[in-house]
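Overview (structure and organization)
Listed below, chain by chain, are the residues.
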2 protein chains.
Amino acid sequence: MIKPGDKKVLKKFGENLRKLRKNKSLSLRQMSYACSIDNSKIAKIEKGMVNVTLTTLLQLAHALDTHPCSLLDYDNPE
Amino acid sequence: MIKPGDKKVLKKFGENLRKLRKNKSLSLRQMSYACSIDNSKIAKIEKGMVNVTLTTLLQLAHALDTHPCSLLDYDNPE
DNA sequence: CAGACTGCGGTCTTTTTAGACCTCAAAGAT
DNA sequence: ATCTTTGAGGTCTAAAAAGACCGCAGTCTG
């Protein structure tokens, strides 16, 4: 299901997520605790290996204390 | 997996999606064609019965010719 | 009435997420 | 050298999404 075109999107999303996490100076395990998502999974998300669902997206945003939009804000206007 | 707390979120998301679709005066089948998502599925999403993934979210946003953020822009920062 | 469109709901199979747990190597500090 | 933290991968099960197809009732129009 993960089409080649999607991989790029997921990768970008992951990179942005990582950036935001680093900004908060959170380790994977700290963030895991903050949003009840397994650290190994967050790592996979950051690497673009997972197509997160809406609720997961919101959990991540909550843990980062930011609006969900921030997680989608990697978009470069075309 | 869809926890009771999530249902509310998905419902709100769906309602917002429907609002945006109506704004564009698109029928389910028209939108289905625009984003390659089955019309029955879109109906389910709008009713909050599906926890959409990131790529699906982006497909929907694309079909509505709007930024993904708009889909998350219901008043629910939490 | 007939025909078209609409939203909605159901079924089915394949693929994937969610979630939990475990291991490991590298880097840090004590 | 030891202990801890960190990021990264791996495995496994159960639940759910993806995707496609079908049918139905209501509405509208010719």
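Quantities reported herein were computed from a predicted structural model and do not represent experimental measurements. (Residues numbered from 1 in each chain as written. Chains lettered and ligands numbered in written order. Predicted model: local features only at pLDDT ≥ 70, side-chain atom pairs only at ≥ 80, totals over all residues. Heavy atoms only, no water.)

This part covers helix H4 (residues 54-63) of chain A. Structural remark: α-helix, 3.6 residues per turn; residues separated by three or four positions point the same way. Along H4(A), eight of the 10 residues are buried, which leaves the element largely enclosed by surrounding structure. Taken residue by residue, H4(A) has A:Leu54, A:Thr55, A:Thr56, A:Leu57, A:Leu58, A:Leu60, A:Ala61 and A:Ala63 as its buried positions. For H4(A), the secondary structure elements touched by its buried residues are helix H1 (4-23), helix H2 (28-35), helix H3 (39-46) and helix H5 (68-71) of chain A together with helix H1 (4-23) and helix H5 (68-72) of chain B. Positive phi appears at A:Asp65, one or two residues downstream of H4(A), with a value of about 55°. (Buried < 20%, exposed > 50% of the residue type's maximum accessible area, 1.4 Å probe, protein only. Helix = DSSP H or I, 4+ residues; strand = E, 2+ residues; numbered from the N terminus. Contact = heavy atoms within 4.5 Å.)

On to the relation of the copies chain A and chain B, then. Expressed as a screw transformation, the operator carrying chain A onto chain B has a rotation angle of 180° and an axial translation of 0.0 Å, and the superposed copies differ by an RMSD of 0.1 Å. As the rotation angle and translation indicate, the two copies are arranged about a two-fold axis. The position closest to the rotation axis in chain A is occupied by the C-alpha of A:Thr53, lying 2.0 Å away. Here 94% of the contact residues of chain A are again contact residues in chain B; the copies associate through an equivalent surface. (Least-squares fit on C-alpha atoms with pLDDT ≥ 70 in both.)

So, on to the environment of A:Arg29. All names here are of chain A. Within the element layout of this structure, Arg-29 appears in helix H2. Residue class for Arg-29 comes out exposed when judged on its relative accessible area of 64%. Taking the C-alpha atoms as reference points, Arg-29 and Ser-40, separated by 11 residues in sequence, lie 8.7 Å from one another.

A word on the packing of helix H2 (residues 28-35) of chain B against helix H3 (residues 39-46) of chain B. Residues and elements named next belong to chain B. In contact at an axis separation of 8 Å, H2 and H3 are set at 105° when each is read in the N-to-C sense. In terms of orientation, H2 and H3 fall into the roughly perpendicular class. Listed contacts from H3 to Leu-28, Arg-29, Met-31, Ser-32 and Cys-35 of H2 are Asn-39, Ile-42, Ala-43 and Glu-46. (Axes fitted to C-alpha atoms, helices over the stretch in contact; angles between N-to-C directions. Parallel < 35°, antiparallel > 145°, perpendicular 65-115°, else oblique.)

Residues and elements named next belong to chain A. The phi torsion at Ser-25 lies on the positive side, around 55°, for a residue other than glycine. Exposure remark for Ser-25: the relative accessible area of 59% places this residue in the exposed category. Of note, Asp-65 is a non-glycine position whose phi angle comes to about 55°, a positive value. Positionally, Asp-65 belongs in the loop between H4 and H5. Given the relative accessible area of 63%, Asp-65 is considered exposed.

What follows covers the side chain of A:Thr56. In this fold, A:Thr56 is placed in helix H4. A residue is classified by how much of its surface remains accessible, and A:Thr56, at 10% relative accessible area, is buried.

Here we take up the interface of chain A and chain B. Between chain A and chain B, the residue contacts involve 17 residues of the former and 17 residues of the latter. Summing both sides of the interface, chain A and chain B together bury roughly 1,600 Å²; the carbon and sulfur share of this comes to 70%. In this structure, the connection of chain A to chain B is made through zero salt bridges. The tally of links from chain A across to chain B stands at eight residue pairs in polar contact (both at pLDDT 80 or more). Among the elements of the structure, H1, H4 and H5 of chain A are those that each provide at least two residues to the side of chain A that touches chain B. Each residue belonging to the side of chain A that touches chain B can be placed in one class, and the counts come to 11 nonpolar, four polar and two charged. (Buried area = accessible area lost by both parts, 1.4 Å probe. Salt bridge = Lys/Arg side-chain N within 4 Å of Asp/Glu carboxyl O. Polar contact = N/O pair within 3.5 Å; in protein donor to acceptor, adjacent residues only side chain to side chain. Nonpolar A, V, L, I, M, F, W, Y, C, P; charged D, E, K, R; others polar.)

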